[in-house]
Amino acid sequence: MKKLYIETLGCQMNKSDSERIAGILSQFGYEETQIEKDADLLIINTCSIRQLSTDKAYSKLGVWGKRKKTNPALKIAICGCVAQQDKEKVRQRAPYVDLVFGTHNIYELPELIKQIENDEKICAIRNKPVVCNQNDFKIIRKDSVNAWIPIIEGCNNFCTYCVVPFTRGRERSRHPEEIIQEAKNIINEGFKEITLLGQNVDSYGKDLKNEKITLANLLRELNKLQGEFRIRFVTSYPSDITDDLINAVEECDKVCKYFHIPMQSGNSHILEEMNRHYTKQQYYEIVKKIRQRFPLVTITSDFIAGFPGETEEEFQDTLNAMEELELDYSNTAAYSPRVFTKAGKMTDKFIPENIKSERLERLNEKNREVCLKSNEKFIGKTLKVLIENQTEKEGVITLNSRADNNKIVHFSDSSKKIGDFAKVKITKAQTWCLYGEPVE
């Protein structure tokens, strides 16, 4: 067997793609290794959501290029969003790369690998995805407890700061039968948590032109499957969260009471400039509706600091929103201009780097503050958790788990192991996690 090493940057969708790449190549003579220097084939699966991610990808290629000078037989490939975005420019910048393939042609890999093994240099970028049943290909999942299922890929929203529609394409939903079969396989393999993935996961089914195919109905069907497991879904677009979806989360006992709903800005004018299809008030109403239905729900979000033209007062609205909404956690980033995007051309409105950095620092401080407040609310409450892994220090084993609402919970219990569910009474809260004691 030849050795394959994959380095994955970016989102859960990229991580899921890497599992599928490893599975496909395992059927063609490649065994995955975690030791980079042992590999015959190096693949970097890239993210281009921010410039830092793109820079990381090219930096890693540079390291690999030096290695190839002493080992000419080494094969190097790049895939993911940077590959889809830059195409032939990748090999202009890194001529030692053997294969450039995009987000749409993972399932062409067997043929592409044959070509580079014959010493061809290939740039294989499609504008439309290869049509196939993904269940026909093996998947090598990294985690022993959690499994990802992409159910929809791409985005139709064209937010002015975001490159995803250009790198992942328009929304494309998988057929429910294919998703349900993959879920059955996952459960039979012993996984205890399934996460449904999509750039806009609650847009699932719209492109299939069948009013019965929705995320809400998919959750209901998956909830019927036998076995002790639970279901998550990410990422939600605020205005696509329907009453029926909220009803389905309430009805389905296996569906986690957790919503990740990026707001991006707490100011309606900036949201309009971002081409987000909701106002500040509409987002507040969505959060209020969800919290009224689920007392222990966790709602997380994303925010951008320093969007072009953002004033100090508009940024202050974002800080206020994070606190007023009592968000449980938020991913934060300073605005990063991206190629192809409308905001990337607003150069006359760009915020100076020092101001963006200062705003991001304040945003992170507010995030830490509201996260701690959120966690403190759970002291004294009992949560059902899934044990994901364990650590040992000075002979004491700590079980690291995740609650239904996505809170990280640490506790000790010699009767439990990885993959078990447990009930834990929370006794202590820190900024990023909870501690507790097992409940009989």
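Residues numbered from 1 in each chain as written. Predicted model: local features only at pLDDT ≥ 70, side-chain atom pairs only at ≥ 80, totals over all residues. Heavy atoms only, no water.

**Student:** Can you walk me through the state of the cysteines in this structure?
**Tutor:** Joining two cysteines, a disulfide is a covalent bond between their sulfur atoms. Counted under the stated rule, the structure contains zero disulfides. Looking at Cys132, it has no disulfide partner, and the nearest cysteine sulfur is the one in Cys79, 15 Å off. Residue classification places Cys132 among the partly exposed positions, given a relative accessible area of 28%. Not engaged in a disulfide, the cysteine Cys252 finds its nearest cysteine sulfur in Cys256; these two sulfurs lie 11 Å apart. On the basis of relative accessible area, Cys252 is assigned to the buried category, the value being 3%. (Disulfide = S-S within 2.5 Å. Buried < 20%, exposed > 50% of the residue type's maximum accessible area, 1.4 Å probe, protein only.)

**Student:** Quick question: what am I supposed to make of the packing of helix α7 (residues 176–188) against helix α8 (residues 215–223) here?
**Tutor:** Running from N to C, α7 and α8 point in directions that differ by 35 degrees, and their axes come no closer than 11 Å. Viewed along their axes, α7 and α8 form a crossing whose handedness is right-handed. Along the contact surface, α7 presents Pro176, Ile179, Ile180 and Ala183, while α8 presents Leu218, Glu221 and Leu222. When its residues are assigned to classes, the contact of α7 with α8 shows six nonpolar, no polar and one charged. (Axes fitted to C-alpha atoms, helices over the stretch in contact; angles between N-to-C directions. Helix = DSSP H or I, 4+ residues; strand = E, 2+ residues; numbered from the N terminus. Left-handed = near helix turned anticlockwise from the far one by under 90°. Contact = heavy atoms within 4.5 Å. Nonpolar A, V, L, I, M, F, W, Y, C, P; charged D, E, K, R; others polar.)

**Student:** How should empty space enclosed by the protein be read in this particular structure?
**Tutor:** Once rolled over the atoms, a probe with the size of a water molecule shows which space is left empty. Enumeration over the complete set of coordinates arrives at one cavity of 30 Å³ or more. Here the largest cavity is characterised by a volume of approximately 40 Å³. Forming the boundary of the largest cavity are Asp17, Ile21, Asn45, Cys79, Gly80, Phe101, Gly102, Thr103, Ile106 and Arg168. Sorting the residues of the lining of the largest cavity by element identifies α1 (12–26) and β4 (75–80) as the ones contributing at least two each. Split by residue class, the lining of the largest cavity holds four nonpolar, four polar and two charged. (1 Å grid on protein atoms, 1.4 Å probe; cavity = no way out; pocket = protein on both sides within 12 Å on 5 of 7 lines; lining within 4 Å. Points joined across faces, edges and corners; volume = space filled by probe spheres on them.)

**Student:** Teacher, can you tell me more about the sheet that holds strand β7 (residues 146–153) here?
**Tutor:** For sheets, the rule is that strands pair by backbone hydrogen bonds, running either parallel or antiparallel. The mixed open sheet is built from four strands, whose spatial order is β8-β7-β9-β10. Because the sheet does not close on itself, it has two edges, and the strands there are β8 (172–173) and β10 (230–234). Note that β7 and strand β9 (residues 193–198) share six bridges and pair parallel. For Ile152, the partnering residue across the bridge sits in β9 and is Gly198. Running at roughly 160 degrees to β10, α8 makes contact with β7, β9 and β10 of the sheet. (Pairing = 2+ DSSP bridges.)

**Student:** Got a minute to help me understand the sheet that holds strand β13 (residues 329–334) in this structure?
**Tutor:** Spatially, three strands are ordered β11-β12-β13 in an open sheet, and the strand pairing comes out parallel. With partners counted over all chains shown, the strands left at the sheet margins are β11 (258–260) and β13, one partner each. Put simply, the sheet's adjacent strands are angled 10 degrees from each other on average, direction ignored. Helix α13 (residues 353–376) contacts β12 (298–305) and β13 of the sheet and is inclined by roughly 175 degrees relative to β13.

**Student:** Explanation requested: the layout of surface pockets in the structure shown.
**Tutor:** In this model, the second largest pocket occupies a volume close to 510 Å³. Along the wall of the second largest pocket there are 23 residues; nearest its centre are Pro129, Val130, Gln134, Arg172 and Arg174. In terms of residue count, the dominant contributor to the lining of the second largest pocket is β7 (four residues). For the lining of the second largest pocket, the class distribution of residues is 11 nonpolar, five polar and seven charged.

**Student:** When you look at the pairing of strand β18 (residues 434–438) in this model, what are you seeing that I'm missing?
**Tutor:** The side chains of a regular strand alternate between the sheet's two faces. Bridge count for strand β16 (residues 408–411) against β18 is two bridges, and the pairing is parallel. Paired with His410 across the two strands is Tyr435, which belongs to β18. Inspection of the sheet shows strand β17 (residues 421–429) paired to β18 by five bridges, in the antiparallel sense. Bridge assignment links Ala429 to a residue of β18, and that residue is Leu434. Linking β17 back to β18 in an antiparallel pair, the connection comprises four residues.

**Student:** Explain the pattern of salt bridges to me, please; I cannot follow it from the model alone.
**Tutor:** Side chains carrying opposite charge are able to pair once their charged atoms draw close together. One pass over the structure, following the stated rule, counts 44 salt bridges. As a salt-bridge pair, Lys60 and Glu7 come within 3.7 Å of each other at their nearest N and O atoms. Here the residue Lys60 occupies a position in helix α2 (residues 51–70), and Glu7 occupies one in strand β1 (residues 2–8), the gap between them amounting to 53 residues. Just as Lys60 is buried, Glu7 falls in that class too. Of the charged contacts, one joins Lys417 and Asp420 as a salt bridge, the two residues approaching to 3.3 Å between their closest N and O atoms. The class of Asp420 is buried, set by a relative accessible area of 16%. Each of Glu19, Arg20, Arg141, Arg174, Glu178 and Glu182 takes part in a single network of salt bridges with overlapping partners. (Salt bridge = Lys/Arg side-chain N within 4 Å of Asp/Glu carboxyl O.)

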